[in-house]
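As a plain string of letters, each chain reads:
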Amino acid sequence: MKKSMITAMLLAASLMAVPVFTAHAQEATAAVEESGQNPVMNYIGDYGYARATLHVEADGMDGAKVLVTWGSSAFDHGEWEMSGSFDPETRTITYDNAVLKTVAFNEDGTTASEETVYENGSGTITFRDGAVLTAVWADDHGDVPEDAVFEFIYPISDEETEAIEGADDQTAEEPFMLHGNTETEITDGVMTIRIAATDHDDPAFHWQAWTEDKGDASFTELVTETDMEEGYAYVGSFRAIDDGEDTIRLAHTDGHYVAGYMDFNVRTENGKIVETIGGSEGFPSTGEDMAPVLAGTWQETDGTHFMEIGLGENGGLDITISDGSGRDGKTTFYTMTAYYDAIRDCLVYWNGTVHEAGITAETDAAAEEAIVSDGSGTGKIGFVGTEEEPGLVWQDDTFGNTETGTFVKAE
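What you see is a predicted model; the values in this text were computed from it and never measured. Throughout, residues of each chain are indexed from 1 in the direction in which the sequence is written. Predicted model: local features are reported for residues with pLDDT of at least 70 only, side-chain atom pairs are reported and counted for 80 or more only, and whole-chain, interface and lining totals are derived from all residues. To get the side-chain values, take all heavy atoms of the structure and skip hydrogens and water.

*Asks:* What should I look at first to understand the overall build of the protein chain in this one?
*Replies:* Assigned secondary structure in the protein chain consists of five helices and 25 strands. Classification of residues uses two cut-offs on accessible area relative to the type maximum, computed with a 1.4 Å probe and protein chains only: under 20% is buried, over 50% is exposed, and between them is partly exposed. Burial status across the protein chain gives 40% buried among its 411 residues. Long-range pairs, those at least 24 residues apart, make up 49% of the contacts in the protein chain between residues at least 6 apart in sequence. A 1.4 Å probe and the Shrake-Rupley method give the accessible areas. Residues count as covered only by the protein chains that appear here. Of the roughly 22,100 Å² of accessible surface on the protein chain, a fraction of 47% belongs to carbon and sulfur atoms. Counting from the N terminus, the helices are DSSP H or I runs at least four residues long and the strands are E runs at least two residues long. For this analysis, residues touch if any pair of their heavy atoms sits within 4.5 Å.

As structure tokens, then:
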């Protein structure tokens, strides 16, 4: 569940428009304590991380109640409930009474089943100041990734609510849907996954089993898959080939890049898939999502190339990479439209095109395009650096080139 670089970069951009919640947190805490109220009141509300929501509320004069829901799929989630004392000096909730349940739902949203996994779980939740208020959950059972940081979800104002309710009717009629209802069935050790078809399915994309490396051993294999079964966008069956725990991954792709994916975590035993033990989902990042962070000019750290990024069509980013020098009265530049691949965690393109342009004697600037090379190529732009100082790595094989370079945002 580690955050990808693009996720971190998008998050950093979103925080630029978020009001600072904790600028006077210490003063507010002191005021609450002086008034005799529970100091955890400064931290109540909802916090989000990945597919999880952590809800905090006050309990008496010095305690806190916490409810965490963590989605595994559209039809089940984990649910932790705990309470404990709150230390205003360290801003930490300490608990030893957590109850974890797995809850499954029917298609109409009603509860299908509820199972207690454990009781008397222990751990801490510590609040931290910054550009946005965060909660760090240290769980003694190891259920939470060490790098998980839950970020405060700011309530929507009345004005924003009115704006949403008054949004364009066409937008309301065409909600974003990556897929229809998903169902799984295990029969005689074979697991079948079905994804219902919807009117919003993009005909350019399809679902398929991801057969490339997932970074671990494989204990399952695909038996058959189809998109021809009536009422379904995808139906696939999988069987066990060894005993252990494995992830079955379905990729939503147009053949060039993976826009989103679904993971189904399963356990195999005695040559059979015996149960589903969890899952997760990777959602698309569109050009509109990425442009606030990536749009603009990037400069090569060890070279003379510049990269210009702007919003393109169909969810992509238009990119031009140029060299700051000319030779024989000409300069070369590259153009491409890139899309975010949710599995590879990079921008990919397949229409990289090399252009040649003349250099005017008077201005030493590129004149109107003189020669456009025919053909196209593929490449990728990966994310490096840190959340505060992100960078881009360009790797290109257009026309057999081996162009590569690291770029940072130009001053």
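*Asks:* I tried to follow the sheet that holds strand β16 (residues 272-282) on my own but got confused; where do I start?
*Replies:* Two strands in a sheet stick together by hydrogen bonds in their backbones, pointing the same way (parallel) or opposite ways (antiparallel). Two strands make a pair as long as DSSP finds a minimum of two bridges between them. Here four strands make up an open sheet; going across it, the order is β11-β14-β15-β16 and the pairing antiparallel. Each edge of the open sheet is held by one strand with a lone partner, namely β11 (206-209) and β16. Ignoring strand direction, the axes of neighbouring strands in this sheet form an average angle of 25°. By the bridge criterion, nine bridges tie strand β15 (residues 258-269) to β16 in an arrangement that is antiparallel. What sits directly across from Tyr 261, in β16, is Gly 282. Only the stretch in contact is used when a helix axis is fitted, and all axes are lines through C-alpha atoms; the angle between N-to-C directions ranges over 0 to 180 degrees.

*Asks:* Looking at this model, I keep getting lost on the pattern of salt bridges. Mind explaining?
*Replies:* A side chain with one charge may pair with a side chain of the opposite charge, provided their charged atoms come close. Any Lys or Arg side-chain nitrogen located within 4 Å of an Asp or Glu carboxyl oxygen qualifies as a salt bridge. For the structure shown, the criterion picks out 10 salt bridges. Between Glu 183 and Arg 194 there is a salt bridge; the shortest N-O distance is 3.9 Å. Here the residue Glu 183 occupies a position in strand β9 (residues 182-187), and Arg 194 occupies one in strand β10 (residues 190-196), the gap between them amounting to 11 residues. Residue Glu 183 is classed as partly exposed on the basis of its relative accessible area, which comes to 31%. Linking Arg 267 and Glu 269 is a salt bridge whose minimum nitrogen-to-oxygen distance equals 2.7 Å. Salt bridges sharing common partners tie together Glu 183, Glu 185 and Arg 194.

*Asks:* Just checking my understanding: could you explain the packing of aromatic side chains for this structure?
*Replies:* Each pair of aromatic rings is reported with the distance of its centres and the angle of its planes. Pairing of aromatic rings covers Phe, Tyr and Trp, the last through its six-membered ring, and needs centres within 6.5 Å; plane angles under 30 degrees mean stacked, over 60 mean edge-to-face, and all others mean tilted. Per the counting criterion, the structure on display carries 17 aromatic pairs. Ring centres 5.6 Å apart and planes at 50° place the aromatic pair Tyr 49 and Phe 150 in the tilted group. Of this pair, Tyr 49 sits in strand β1 (residues 45-49) while Phe 150 sits in strand β8 (residues 150-152), placing them 101 residues apart in sequence. Accessibility expressed as a relative area gives 5% for Tyr 49, which makes it buried. For Phe 150, a relative accessible area of 0% puts it in the buried group. The structure contains a cluster of three or more aromatic residues connected by ring pairs, namely Tyr 43, Tyr 47, Phe 86, Phe 127 and Phe 152. Any Lys NZ or Arg CZ found within 6 Å of a ring centre and within 35 degrees of that ring's normal is scored as a charge over the ring. A cation sits over an aromatic face here: Arg 249 above Tyr 261, 4.5 Å from the ring centre.

*Asks:* Help me understand the side chain of Glu 300, please; the structure alone is not making it clear to me.
*Replies:* Inspection of the secondary structure assignment puts Glu 300 in strand β17 (residues 296-300). On the basis of relative accessibility, which here comes to 11%, the residue Glu 300 falls in the buried class. Pairing of N or O atoms within 3.5 Å defines a polar contact, subject to two protein rules: one partner must be a possible hydrogen donor and the other a possible acceptor, and residues neighboring in sequence count only if both atoms are side-chain atoms. Looking at Glu 300, its side chain comes within polar contact range of the main-chain nitrogen of Thr 304, at 3.3 Å. Side-chain polar atoms of Glu 300 contact the side chain of His 305, separated by 2.8 Å.

*Asks:* Just checking my understanding: could you explain helix α5 (residues 287-294) for this structure?
*Replies:* For an α-helix, the turn length of 3.6 residues means that residues three or four places apart are oriented alike. What α5 keeps buried is the set Gly 287, Met 290, Ala 291, Val 293 and Leu 294. Of the residues one or two after α5, Gly 296 is the one with positive phi, at around 130°.

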